[in-house]
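So the chains spell out like this:
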Amino acid sequence: MAEPIPLPADPMELQNLEYRPVKVRGHFDHSKELYMMPRTMVDPAREAREAGRLSSAAESGAYVVTPFRCTDLGVTILVNRGFVPRKKVNPDSRRKGQVEGEVDLVGMVRLSETRKPFVPENNPERNQWHYRDLEAMARLTGAEPIFIDADFKSTVPGGPIGGQTRVTLRNEHVQYILTWYGLCVATSYLWFKKFLSRTPGV
């Protein structure tokens, strides 16, 4: 993993930094937690064991997203602190893990997501988030639309389990298919015009 850099002060710089580790210093505002659910914990060893299976033994739960006031930058960002099982979503059930005071964090920059087909709409009124809509999350919490996934080292006893970044690269297969299909159609048309549409005897 690349060495973490200080979080840029300009949010526009983040557009080219997705999955880049950054470091921040500040404190959490646990009173404004958001919950991305349902989620399962990122566990590469388990996922390798269960590869190819139709069902999984993974426990369902949520990612806990908490506003974080950055001391140096003077801005509040959103931090995915990590995974909690469904029975621990209520913060009263994990008071020991609610970090107080100033802390140093390292996390991966994440950008806003567009809703995929079959994914439910976010429901801010019920605090149920199915995908990262940074603008809506920021409006609700008073934070900037800046989001990082805290790394595994941020995990504290009784708190969310950090390191919940799933790296998803853009899938451009459809674009490639349409491009090559279009070229095939154009070439076929030109070939037809040149060789097959000639008037006999000309």
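Residues numbered from 1 in each chain as written. Predicted model: local features only at pLDDT ≥ 70, side-chain atom pairs only at ≥ 80, totals over all residues. Heavy atoms only, no water.

A. Fine view of the pairing of strand S7 (residues 147-150). The side-chain alternation of S7 yields two buried faces, one formed by Phe147 and Asp149 and the other by Ile148 and Ala150. As paired elements, strand S5 (residues 75-85) and S7 share three bridges and run parallel to each other. Across the sheet, residue valine 79 finds its bridge partner in S7, namely isoleucine 148. In this sheet, S7 lies alongside strand S6 (residues 103-110) in antiparallel orientation, the contact comprising four bridges. Residue pairing across strands places arginine 110 opposite phenylalanine 147, the latter belonging to S7. (Buried < 20%, exposed > 50% of the residue type's maximum accessible area, 1.4 Å probe, protein only. Helix = DSSP H or I, 4+ residues; strand = E, 2+ residues; numbered from the N terminus. Pairing = 2+ DSSP bridges.)

B. Representation of the environment of isoleucine 148 within the structure. Note that isoleucine 148 resides in strand S7. Remark: the alpha-carbon pair of isoleucine 148 and valine 24, spanning 124 residues in sequence, is separated by 9.9 Å. Excluding residues within four positions of it along the chain, isoleucine 148 makes contact with Val22, Val24, Ile77, Leu78, Val79, Asn80, Gly107, Met108 and Val109. (Contact = heavy atoms within 4.5 Å.)

C. How the structure looks around the pattern of salt bridges. The tally for this structure, following the rule as stated, stands at nine salt bridges. The salt bridge involving arginine 94 is made with glutamate 33; its shortest N-O contact spans 2.9 Å. Of this pair, arginine 94 sits in the loop between S5 and S6 while glutamate 33 sits in the loop between strand S2 (21-28) and strand S3 (34-40), placing them 61 residues apart in sequence. Looking at arginine 94, the relative accessible area reads 2%, which means it is buried. Linking arginine 110 and aspartate 149 is a salt bridge whose minimum nitrogen-to-oxygen distance equals 3.0 Å. Separated by 39 residues along the polypeptide, arginine 110 in strand S6 and aspartate 149 in strand S7 bring together distant segments of the chain. Salt bridges sharing common partners tie together Glu18, Arg110, Glu113, Arg132 and Asp149. (Salt bridge = Lys/Arg side-chain N within 4 Å of Asp/Glu carboxyl O.)

D. Representation of the side chain of histidine 130 in the model. Position of histidine 130 relative to the elements: it lies in the loop between S6 and helix H2 (134-141). Histidine 130 gets classed as buried once you look at its relative accessible area, which sits at 18%. In this structure, histidine 130 is in contact with Met37, Pro38, Arg39, Val119, Pro120, Glu121 and Asn122, ignoring residues within four places of it in sequence.

E. Layout of H2. Taken as a whole, H2 has its buried residues at Leu134, Ala136, Met137, Ala138 and Thr141. Buried positions along H2 lie against S3, strand S4 (60-70), S5, S6 and S7. Remark: glycine 142 follows H2 within two positions and exhibits a positive phi of approximately 80 degrees.

F. Summary view of the packing of aromatic side chains. Using the criterion set out here, one finds one aromatic pair in the structure. Ring centres of phenylalanine 28 and phenylalanine 68 lie 4.9 Å apart, and the angle between their planes is 70 degrees; on these two criteria the pair is classed as edge-to-face. Linking phenylalanine 28 in strand S2 with phenylalanine 68 in strand S4, this pair joins segments that are 40 residues apart in sequence. Exposure remark for phenylalanine 68: the relative accessible area of 0% places this residue in the buried category. Here arginine 81 stacks its cationic end above the ring of phenylalanine 28, 5.1 Å away from the centre of that ring. Cation over ring: arginine 132 sits above phenylalanine 147, and NZ or CZ is 5.8 Å from the ring centre. (Phe/Tyr/Trp six-rings, centres within 6.5 Å; stacked < 30°, edge-to-face > 60°. Lys NZ or Arg CZ within 6 Å of the ring centre and 35° of its normal.)

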